[in-house]
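Structural characterization, general
Residue-level listing of the chains:
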Amino acid sequence: MPHDKSLNIEDLQYANLTESAESRSKLVHTFGALAELGHEVASRSNFQDTIRTSLHLILGSLGIMRGGVARYSRFEHEFNMLAVRGLGESFPLSLELCYEDERQFLTNGLAPIEVAQAAVLPFFQVYDRTFSASRLELFVPLVIHEETVGAIFLGEKATGLPFSSYDREIICAMGRHIGSAIAQRNLLAEIERRSEENRRLYDDLRMTYSDTVKAFAAAIDFKDKYTEGHSVRVGKYSEIIASELGWNADEVEGAAVAGYLHDVGKLTVERKIINAPYRINAKESAELNKHPSVGFEILSPIHHPYTDVPLAAKYHHERIDGRGYPDGLYDRQIPYIAKVVNLADSFDAMTTDRPYRRRRPPHEVFDDLHRNSGRQFAPELVTAFMRGMLKELQGESKEKRFRKLLGREYMEAEGLASSLRNILNSMTPTSPLTRISVGQAHG
Amino acid sequence: MNSEGASLGTASAKTAVVYADDYLNKLTGEKIERECKLLLEEGCTELVVDLSRTEIVNSIGVSILLGVIDTASNAGARVIFSEVNETTVELFDMLGVTRHADILDRAA
Ligand SMILES: [Fe+2]
């Protein structure tokens, strides 16, 4: 809020200090209240407490017997009482307004309205009995930046005297402070509401993106009748690896998307090459091997929020020993996400039936991953992947992610858990000595 | 704050004394109102509010004391302030508090 909440020159002018009829001690007392009100409104204390304190300050500064502070709801067209003192049990918690009242209050601004002389307005006609039962004398619409944000209701002065112009100036200055506090609170509520709305919009967008990606993956898989569901599975395996690596939710989602879309370049490869029920020849192979680069071309113009999906597509056939394609990159030259997708892709290729061979048994697959660690695969990715599977086999993870992808029978192969444990033990260095021996084994 | 029975005022009046403190000048001072309400419900007809421990009364304090006066008058009881210093008496006079409550030992 740009509105100044502390005691300022304007307030002093409003209070009309020069009015000599008022005693010095009265001024000291009133300005003490004004200063404290400014301080209270500027403080970050609880809104309800701020309003209650404000009501005390306004009543106590001028010796007013009773009163209340209300907040205006634009949507309900009513004042909702935030704090009341001495107005009696029967005083309503909310008071309705009509359009005419609203308009009049806006034009009136912060100036106190004499309840007894406001009978022309519907508001005072409707609540006539209530106001006289509560012995209300003044009504102050809290108009801040040309918007009614609330109201102050005030009863009679303890002196029994009518409100002086000095009193009215003080009430006006205090009303501005209280109105600012309410306006500030409204703004805060609005910001909270908008950010909630924003979050929902973002979630919607995120879901739209994720749906689009899945639809794409389905389109890619549709072209290849022998590898039905391949892209979706590679997405899910990539997701498992990423979460085993401890990546955050966005990064895990990014890995899944990279997996879903890694073969998008196959959309341009002739169907008969993709679906060839035999090992393809060199020419066909060259054609097929273009798919990573084509995928990169397709994906590059699209903005992907969580990870470099185009690079994952381009380099998912690279190997860390430099014998992959299209560029024959070595270990560190290969984007990490591409290594993740490569492992997921290879694992799915080995564990599903292909036109020219059956899926390979689990022990063979994991031996292969182990043997090719440091050659084709990054070792820490292989261990992360195996750790994920072992956790599931040992019942440590609730979600049966592998079982859903590989089938129950495959997961129940005899001795699978123990051979995974053995491989993991041999791959996880526990001392410098074993680290050297692993290095030598791979050298 | 505490309260005790005391024999002040008329013989037929049931009198209670409540002690205010510096907390009177904050939102926490509202507890004096609750205390008075309880005493009034118990049939107390004369409330003595002892301000000997209250150096100054600010606007919040005044508002709370006006609340006490209002509650008491609704219950048909009267309020007496005791041990009030000169500055506070002046303030009470100026704001009209003394029109609704008596001040004991006005010279204090
Ligand atoms: Fe591929």
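Sequence order as written defines the numbering, with residues in each chain counted from 1. As they are written, the chains are lettered A onward and the ligands numbered 1 onward, keeping that order. Under the rules for a predicted model, residues below a pLDDT of 70 receive no local features and side-chain atom pairs below 80 are neither given nor counted, while totals for whole chains, interfaces and linings still include all residues. In computing side-chain properties, one takes all heavy atoms of the structure into account and sets aside hydrogens as well as water.

**Notes on the overall build of chain B**
- Counting from the N terminus, the helices are DSSP H or I runs at least four residues long and the strands are E runs at least two residues long. The helix and strand inventory of chain B stands at 3 helices and 5 strands.
- When the elements of chain B are put in sequence order from the N terminus, they spell out β-β-α-β-α-β-α-β.
- Summary of the burial criterion: residues with accessible area below 20% of their type's maximum are buried, those above 50% are exposed, and those between are partly exposed, where the area comes from a 1.4 Å probe applied to protein chains only. When the 108 residues of chain B are sorted by exposure, 54% land in the buried category.
- Here a residue-residue contact requires only that any non-hydrogen atoms of the pair lie within 4.5 Å. Restricting to contacts in chain B with at least 6 residues of sequence separation, those with at least 24 account for 65%.
- Note on areas: Shrake-Rupley with a 1.4 Å probe; residue coverage comes only from the protein chains shown. For chain B, the exposed surface amounts to about 5,000 Å²; the carbon and sulfur share of it is 48%.

**Section: the nonpolar core**
- Among the nonpolar cores identified, the biggest contains 71 residues, and A:Ile182, B:Leu47, B:Val49, B:Val79, B:Phe81 and B:Phe92 are the most heavily contacted of them.
- Element by element, the count of residues in this core is highest for helix H7 (residues 165–223) of chain A, at 10 residues.
- Other than its neighbours up to four places away in sequence, A:Ile182 contacts A:Phe47, A:Ile51, A:Val69, A:Ala70, A:Arg71, A:Leu82, A:Leu142 and A:Val149.
- Listed in part, the 37 residues of the second largest apolar core include A:Leu343, A:Leu381, A:Leu390 and A:Met411. In this description, a nonpolar core means a group of buried Ala, Val, Leu, Ile, Met, Phe, Trp, Tyr and Cys residues linked to one another through side-chain atoms lying within 4.5 Å.

**Overview of the coordination of the iron ion**
Residue and element names in this part refer to chain A.
- Note on donors: an N, O or S atom is included if it sits within 2.8 Å of the metal, or within 3.2 Å for Na, K and Ca, and water is never included, so sites can look incomplete. Taken together, the protein ligands of the iron ion are Asp 263 (OD), His 291 (NE2), His 316 (NE2) and His 317 (NE2), with distances of 2.2 to 2.4 Å.
- Sites are called tetrahedral only when four donors show all angles between 85 and 135 degrees, square planar or octahedral only when four or six donors show opposite pairs over 155 degrees and all other angles between 65 and 115, and irregular in any remaining case. Geometry at the iron ion is irregular, judged from the 4 donor atoms that bind it and their angles of 77 to 160° at the metal.
- Taken in sequence order, the residues that donate to the iron ion follow the motif D-x27-H-x24-H-H. Taken together, the residues span a long stretch of sequence, with Asp 263 in the loop between helix H9 (249–261) and helix H10 (271–274) and His 316 in the loop between helix H13 (309–314) and helix H14 (336–351) at a distance of 53 residues. Comparing Asp 263 with His 316 shows no difference in burial state: the two are buried.

**Description of the pattern of salt bridges**
- Any carboxyl oxygen of Asp or Glu within 4 Å of a side-chain nitrogen of Lys or Arg constitutes a salt bridge here. Within the structure shown, the criterion is met by 30 salt bridges over all chains.
- As a salt-bridge pair, B:Asp70 and A:Arg66 come within 3.2 Å of each other at their nearest N and O atoms. In this pair, B:Asp70 sits in helix H2 (residues 59–74) while A:Arg66 sits in the loop between helix H3 (47–62) and strand S1 (67–73), so the two residues belong to two different chains.
- For A:Arg66, a relative accessible area of 3% puts it in the buried group.
- A:Arg193 serves as the salt-bridge partner of A:Glu190, at 3.0 Å between the closest nitrogen and oxygen. Of this pair, A:Glu190 and A:Arg193 both sit in helix H7, 3 residues apart, which is roughly one turn of that helix.
- Classification of A:Glu190 as partly exposed rests on a relative accessible area of 25%.
- Three or more residues are tied together by salt bridges with common partners; here these are A:Glu190, A:Arg193, A:Arg194 and A:Glu197.

**Quick look at the environment of A:Lys223**
Residue and element names in this part refer to chain A.
- Relative to the assigned elements, Lys 223 resides in helix H7.
- In this structure the C-alpha to C-alpha distance between Lys 223 and Lys 272, which are 49 residues apart in sequence, comes to 9.8 Å.
- The residues contacting Lys 223, other than those within four sequence positions of it, are Lys 266, Leu 267, Thr 268, Val 269, Arg 271, Ile 274 and Asn 275.

**Thoughts on the state of the cysteines**
All names here are of chain B.
- Only a pair of cysteine sulfur atoms within 2.5 Å counts as a disulfide in this structure description. Under the criterion given, the structure shown has 0 disulfides over all chains.
- The cysteine Cys 36 is free of any disulfide, with Cys 44 supplying the nearest cysteine sulfur at 8.1 Å.
- Assessed through its relative accessible area of 7%, Cys 44 is described here as buried.

**So, helix H16 (residues 379–393) of chain A**
Residue and element names in this part refer to chain A.
- One fewer than the residue count of a helix, multiplied by 1.5 Å, yields its expected span. Taking 1.5 Å per residue as the helical rise, H16 with its 15 residues ought to reach 21 Å, and the 21 Å between its terminal C-alpha atoms agrees with that figure.
- For H16, every residue scored as buried is listed here: Leu 381, Val 382, Thr 383, Ala 384, Phe 385, Met 386, Gly 388, Met 389, Leu 390 and Glu 392.
- Buried residues along H16 sit in contact with helix H8 (230–244), H14, helix H15 (362–371), helix H17 (401–406), helix H18 (408–411) and helix H19 (416–427).
- Directly after H16, the chain includes Gly 395, whose backbone phi takes a positive value near 70°.

**A word on the confidence of the model for chain A**
Residues and elements named next belong to chain A.
- Confidence of the predictor at the level of single residues is captured by pLDDT, which takes values from 0 to 100. In this model, chain A carries a mean pLDDT of 86, and residues with pLDDT of at least 70 account for 91%.
- Within the model, pLDDT remains below 50 along residues 1–7, and this stretch shows 17 contacts once partners closer than five positions in the same chain are excluded.
- Ignoring residues within four places in sequence, the model shows residues 431–443, a span with pLDDT below 50, making 4 contacts including any to other chains.

**Considerations on the side chain of A:Asn342**
- In this structure, A:Asn342 sits in helix H14.
- Setting aside residues no more than four positions away along its own chain, A:Asn342 makes contact with A:His316, A:His317, A:Glu318, A:Gln376 and A:Phe377.

**Looking at the interface of chain A and chain B**
- Contact residues are listed per partner, giving 24 residues for chain A and 23 residues for chain B.
- When two components associate, each loses some accessible surface as probed by a 1.4 Å sphere; the sum of these losses over both components is called the buried area. When the two sides are added together, the surface that chain A and chain B hide from each other amounts to roughly 1,900 Å², 55% of it contributed by carbon and sulfur.
- Here chain A is connected to chain B by 3 salt bridges.
- If one sorts the elements of the side of chain A that touches chain B by residue count, H3(A) sits on top with 9 residues.
- Residue classes follow a fixed rule: Ala, Val, Leu, Ile, Met, Phe, Trp, Tyr, Cys and Pro count as nonpolar, while Asp, Glu, Lys and Arg count as charged, and any other residue, Gly among them, counts as polar. Among the residues forming the side of chain A that touches chain B, the class breakdown is 7 nonpolar, 11 polar and 6 charged.

**Observations regarding the packing of H3(A) against H2(B)**
- Only the stretch in contact is used when a helix axis is fitted, and all axes are lines through C-alpha atoms; the angle between N-to-C directions ranges over 0 to 180 degrees. Between H3(A) and H2(B), whose axes approach to 7 Å, the crossing angle comes to 85°. When the axis of H3(A) is compared with that of H2(B), the two are roughly perpendicular. Between H3(A), through A:Thr53, A:His56, A:Leu57, A:Leu59, A:Gly60 and A:Ser61, and H2(B), the contact on the second element is made entirely by B:Ser59, B:Ile60, B:Val62, B:Ser63, B:Ile64 and B:Leu66.
- Split by residue class, the contact of H3(A) with H2(B) holds 6 nonpolar, 6 polar and no charged. Here the angle decides the label: under 35 degrees means roughly parallel, over 145 means roughly antiparallel, 65 to 115 means roughly perpendicular, and every other value means oblique.

**Digging into the confidence of the model for chain B**
- This prediction gives chain B a mean pLDDT of 84; 85% of its residues lie at or above 70.
- ipTM for the predicted complex: 0.87, alongside a pTM of 0.60.

**Quick look at the pairing of strand S6 (residues 147–155) of chain A**
All names here are of chain A.
- Extensive coverage of S6 is indicated by the burial of 8 of its 9 residues.
- By the bridge criterion, 5 bridges tie S1 to S6 in an arrangement that is antiparallel. Across the sheet, residue Ala 70 finds its bridge partner in S6, namely Ala 151.
- We treat two strands as partners when DSSP finds at least two bridges between them. For strand S5 (residues 136–144) and S6, the ladder comprises 8 bridges, and the chain directions are antiparallel. Residue pairing in the sheet places Pro 141 in a bridge with Ala 151 of S6.
- Hairpin geometry of S5 and S6 is characterised by an intervening segment of 2 residues between the two adjacent antiparallel strands and by a positive phi of about 50° at His 145.

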